Amino acid sequence: MGSLIQLAYIVASVLFILGLKMLSSARTARRGNLISSIGMLIAVVATLCNGGMQYQWIIAGMLVGGGIGAIAAVRVPMTSMPEFVALFNGFGGIASLLVGWAEYQRGLATEPSIGIGVSLPIFLAVLIGGVTFTGSMVAYGKLSGKLNGKPILFKGQQFANGALMLLAVALGVVYVVNPEATYAAFIGIVALSFVLGVLATIPIGGADMPVVISLLNSYSGLAACAAGFVIGNTVLIVSGSLVGASGIILTTIMCKAMNRSLTNVLFSGFGAAGGSVSAAAQGEAKPISAEDAFYVLEAAQSVVFVPGYGMAVAQAQHVVRELGELLEKNGAEVKYAIHPVAGRMPGHMNVLLAEANVPYEQLVEMDDINPHLPTVDVAMVIGANDVVNPAAREDENSPIYGMPIINVDEAKTVFILKRSMASGFAGVDNPLFFKENARMLFGDAKASVQELVNEFKSID
Amino acid sequence: MGEYMVLLVFAFVLSIFLGFELISKVPSQLHTPLMSGSNAISGITIVGALIAAGEVGGGWLSVLLGTLAVAFATINVVGGYLVTDRMLGMFKHKEGR
């Protein structure tokens, strides 16, 4: 039976790998996810086939967890995906912590001694799992607006974090060497991991959340990996490290898209820390009415939408797609340009536009759209700001200098849909608004686009 | 134990490399489903949770911790896969409109 279970774990691992491989194309991705879930089912069933288990608590836990998970998954709106993913990440982290703790507890009760091969991974599972849990909860709070998204910084913060981290490692050494007699140290590690998770996440601003949830994603995988070492189980190690690698890659991509190093994202409290003051953008922003904007759009041969987090907040994705279709019917070529860090998580805009039935062929990545922008008649910026800010190219003193942007200012006309003249999440002035070819369409993004749609419909 | 441990580390290192290879091929448009999907995979810790909750002889605290772990990991697994499926169901290409 034992080796049969091990074989089932191999099958499960293969299915996870196949599932991830099929995620490389939108056509096969959904089937890939299904295959991956079958792998999970096989792993669970195989585990339940272990002899001598009592099932009542397992069933209770699965019913409660399954119910909560299913209801949450069906109800969550697509605009809330970032906080949803953050929350679930945290659950994965706490589960790994609990597995480590339970195994420690069981070892104390049933084994004559606990070897370093078990106590070391228990320490890691608890530390990484705990940081993942509270870090994800803070990220969830910030993303859902339950906590203020502004970075929280205090004097000596990095010193405090470093000292606590050292303390955690010191307790870890004490615990790992002699786990039988150091329960207090273990509890200290649990508590410190929670504190560290909070402290590591509060200095990070809302706009940097794509990086943070990618990183926490990686941690949740590594925590599962550590739990795998605790119980000596290959399927946990293989799939945990796949997730760990995935999170690291996403983190790197996000950092690159902001032209910042990971240390800078994690420790600088971007937007709050001063730095040199950049020259305030000069000039006068030119407003435009929806009616005038409509005349320009009606004559346009090519239109590029550049969506940002503001589109998600205004829930404007459906009406944007409607406008896109009307423009196409009117003979214009319509594209949607997606910046890698638009929104609050990697790929956030793609999901929203997919929800609104925009075919994915119309979505274009930053590097592919930029060479074409000089020939584009109208670029419409909807709720994006920093990702189209030409200061990133032109102003060496700007905090976002060097960040790759979508060069909407090179289009013949730029419409910027915006509530007011307030600056973006990074708190940086945007000289785009004062460019000769830029027009501001003030108001709620959804209402403004709706007006344009109505104008188009009235000429039919 | 020592030798088995080395084998586990071996599996770990290879899987990290495999992960890098696989994930770097995922296009950016699918990054959100990738995150929620890989999140569901990280719920694999459910295997450890099941063992902890079902083992006899570890005492009540061990079972309690294990049961909590089962609940959290199941939320992660069920919720993660379902929401990923829901999301990917929305990705349509032009002909399918």
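Residues numbered from 1 in each chain as written. Chains lettered and ligands numbered in written order. Predicted model: local features only at pLDDT ≥ 70, side-chain atom pairs only at ≥ 80, totals over all residues.

Overview of the packing of helix H4 (residues 81-110) of chain A against helix H4 (residues 60-88) of chain B
Phase 1: At a closest axis distance of 8 Å, the pairing of H4(A) and H4(B) adopts a crossing angle of 155 degrees. Compared by their axis directions, H4(A) and H4(B) come out roughly antiparallel. Pair H4(A) / H4(B) crosses with left-handed handedness.
Phase 2: A breakdown of the residues in the contact of H4(A) with H4(B) according to their chemical character gives 18 nonpolar, seven polar and one charged. (Axes fitted to C-alpha atoms, helices over the stretch in contact; angles between N-to-C directions. Helix = DSSP H or I, 4+ residues; strand = E, 2+ residues; numbered from the N terminus. Parallel < 35°, antiparallel > 145°, perpendicular 65-115°, else oblique. Left-handed = near helix turned anticlockwise from the far one by under 90°. Nonpolar A, V, L, I, M, F, W, Y, C, P; charged D, E, K, R; others polar.)

Examining the interface of chain B and chain A
Phase 1: In this complex, chain B contributes 82 residues to the contact, which on the side of chain A involves 99 residues.
Phase 2: The set of elements that each furnish at least two residues to the side of chain B that touches chain A consists of helix H1 (2-23), helix H2 (31-42), helix H3 (46-54) and H4 of chain B.
Phase 3: At 27 residues, the largest contribution of residues to the side of chain B that touches chain A is made by H4(B).
Phase 4: The residue inventory of the side of chain B that touches chain A, partitioned by class, reads 46 nonpolar, 29 polar and seven charged. (Contact = placed C-beta atoms within 7 Å.)

A look at the packing of H3(B) against H4(B)
The geometry of a pair of packed helices is captured by two quantities: the angle between their axes and the separation between those axes.
Residues and elements named next belong to chain B.
Phase 1: Relative orientation of the contacting elements H3 and H4 amounts to 150 degrees, with a least axis distance of 7 Å. On the basis of their axis angle, the class for H3 and H4 is roughly antiparallel. In the crossing of H3 with H4, the sense of the turn from one axis to the other is left-handed. Across the interface between the two elements, Ile46, Ala49, Leu50, Ala52 and Ala53 from H3 touch Ser62, Val63, Leu65, Gly66, Thr67, Ala69, Val70, Ala73, Thr74 and Val77 from H4.
Phase 2: Here the residues of the contact of H3 with H4 are counted per class, giving eleven nonpolar, four polar and no charged.

Here's the deal with the pairing of strand S5 (residues 413-418) of chain A
All names here are of chain A.
Phase 1: Counting buried positions over the six residues of S5 gives five, a clear majority of the element.
Phase 2: The pairing of strand S4 (residues 378-382) with S5 spans five bridges and is classified as parallel. Residue pairing across strands places valine 378 opposite threonine 413, the latter belonging to S5.
Phase 3: Sheet topology note: the S5/strand S6 (residues 438-442) ladder contains five bridges and is parallel. What sits directly across from phenylalanine 415, in S6, is arginine 439. (Buried ≥ 20, exposed ≤ 12 C-beta atoms within 10 Å, placed from the backbone. Pairing = 2+ DSSP bridges.)

Side note on the domain arrangement of chain A
Bring the parts together and some accessible area is lost; that lost area is often taken as the interface size.
Phase 1: The domains assigned to chain A are domain 1 (1-75), domain 2 (80-267) and domain 3 (290-459).
Phase 2: Relative placement of domain 1 of chain A and domain 3 of chain A: their C-alpha centres are 41 Å apart. (Domains from an automatic or database assignment.)

Looking at the nonpolar core
Phase 1: Grouped together as the largest cluster of nonpolar side chains are 194 residues, with contacts concentrated most on Leu98(A), Ala125(A), Val306(A), Ala379(A), Val381(A), Ile382(A) and Ala69(B).
Phase 2: Discounting chain neighbours no more than four positions away, the residues touching Val381(A) are Val306(A), Val388(A), Val408(A), Val414(A), Phe415(A), Ile416(A) and Leu417(A). (Core = buried A, V, L, I, M, F, W, Y, C linked by C-beta atoms within 7 Å.)

Here's the deal with the environment of Ala200(A)
Phase 1: You can see Ala200(A) is positioned in helix H7 (residues 183-201).
Phase 2: Setting aside anything within four residues of it in sequence, one finds Ala200(A) in contact with Val131(A), Gly135(A) and Asn161(A).

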